[in-house]
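These are the residues of each chain, in order.
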Amino acid sequence: MSAETVIDSSAAPRHVAVVMDGNGRWAKRRFLPRVAGHKQGLEAVRALIRGCMKHGVECLTIFAFSSENWQRPPDEVSFLMDLFLRALREEVQKLHGNGIRFSAVGDVSVLTEETQKLIRDAESLTRANHQFRLNVAVNYGGRWDLEQAVNRAQLSGDVRTFANHLAFADQPDPDLFIRTGGERRISNFMLWQLAYTELYFTDTLWPDFSEAELAEALKWFATRERRFGKTSDQLRHDSPVTATT
Ligand code: IPE
Ligand code: IPE
Ligand code: MG
């Protein structure tokens, strides 16, 4: 399938969640410093957003920095934080021009004041955009999300409402999860929301993940039968299925 093929959008996932892994190895193979892979990875993010919009995806969540990534060498952490800051400065107007609503997801309270302000400004500038949603997970962890939601629910006096306090409560659960870089693991991404997500793994390193590769993943997704606990026979007789959680 060519990158130009537009798949029937009725079979497209509404929400795609991506673990962009393999930047360091991409750089190492080229005898470059790891951070060169992160820089190149930003190009692949641009292609991903373009591709998702073209194929009728409504919402995209990308894992940019995990709560565990602070354990990396300080130079690499600084580079990643700086790259995020620069991307916010340089890309937000373009996102806005394309009708994209931007959100940062994660514990942003530990980021620099400047980064927090850019995030707030980007979120308020793009709040009314409905063309597409881009969530960037930064200092995010699935366990952090569960803990903060329970804490907020406790403060509200009704712990049963905890799911309403999760970071993605106002968005559909991901239909398709993509992880590049060859590892077959979740690495503390969207633990609650991935309950019924279709999981797609590829050995391609993140900076090499092209629109054509996205089209491959979407094509694979379109062949999945999503049963949400039911039987195949039931699905044939039922109205369209949705998760009950
Ligand atoms: C993913 O690439 C980017 C981040 C985690 C920020 P890696 O930096 O993990 O690349 P590898 O896995 O070491 O190749
Ligand atoms: C997951 O990648 C986090 C991001 C892509 C931001 P990691 O490279 O941190 O995951 P592990 O350590 O291999 O599980
Ligand atoms: Mg990695």
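Use the structure listed above.
On a predicted model such as this, the values are computed, not experimentally measured, just so you know.

A. Up close: the layout of surface pockets. Within this model, the largest pocket holds a volume of roughly 1,100 Å³. In terms of lining, the largest pocket is formed by 43 residues, of which the most central are Met20, Val45, Ile62, Phe63 and Ala64. Elements with a contribution of two residues or more to the lining of the largest pocket: α1 (23–29), α2 (34–54), β2 (59–66), α3 (74–97), β3 (100–105) and β4 (132–140). Of the residues forming the lining of the largest pocket, the biggest block, 10 residues, is contributed by α3. Looking at the lining of the largest pocket residue by residue, the class counts come to 24 nonpolar, 9 polar and 10 charged.

B. Examining the site of ligand 1 more closely. The full set close to ligand 1 counts 13 residues, and Asp21, Gly24, Arg25, Arg34 and Arg72 are the nearest of them. Between an oxygen atom of ligand 1 and a side-chain N or O atom of arginine 25, the distance comes to 2.7 Å. Between ligand 1 and arginine 72, the relevant distance is 2.7 Å, taken from an oxygen atom to a side-chain nitrogen or oxygen of the residue. If ligand 1 stood free it would expose 380 Å²; the protein chains cover 87% of that surface. When atoms are counted within 2 Å of each cavity's grid points, the one that captures over half of ligand 1 is the largest pocket. No other element matches α1, which puts 3 residues into the shell around ligand 1. Among the residues forming the shell around ligand 1, the class breakdown is 3 nonpolar, 5 polar and 5 charged.

What counts as what
Residues numbered from 1 in each chain as written. Chains lettered and ligands numbered in written order. Predicted model: local features only at pLDDT ≥ 70, side-chain atom pairs only at ≥ 80, totals over all residues. Heavy atoms only, no water. 1 Å grid on protein atoms, 1.4 Å probe; cavity = no way out; pocket = protein on both sides within 12 Å on 5 of 7 lines; lining within 4 Å. Points joined across faces, edges and corners; volume = space filled by probe spheres on them. Helix = DSSP H or I, 4+ residues; strand = E, 2+ residues; numbered from the N terminus. Nonpolar A, V, L, I, M, F, W, Y, C, P; charged D, E, K, R; others polar. Near = heavy atom within 4 Å. Polar contact = N/O pair within 3.5 Å; in protein donor to acceptor, adjacent residues only side chain to side chain. Areas by Shrake-Rupley, 256 points an atom, 1.4 Å probe, with all protein chains shown as cover. Sits in = over half its atoms within 2 Å of the grid points.

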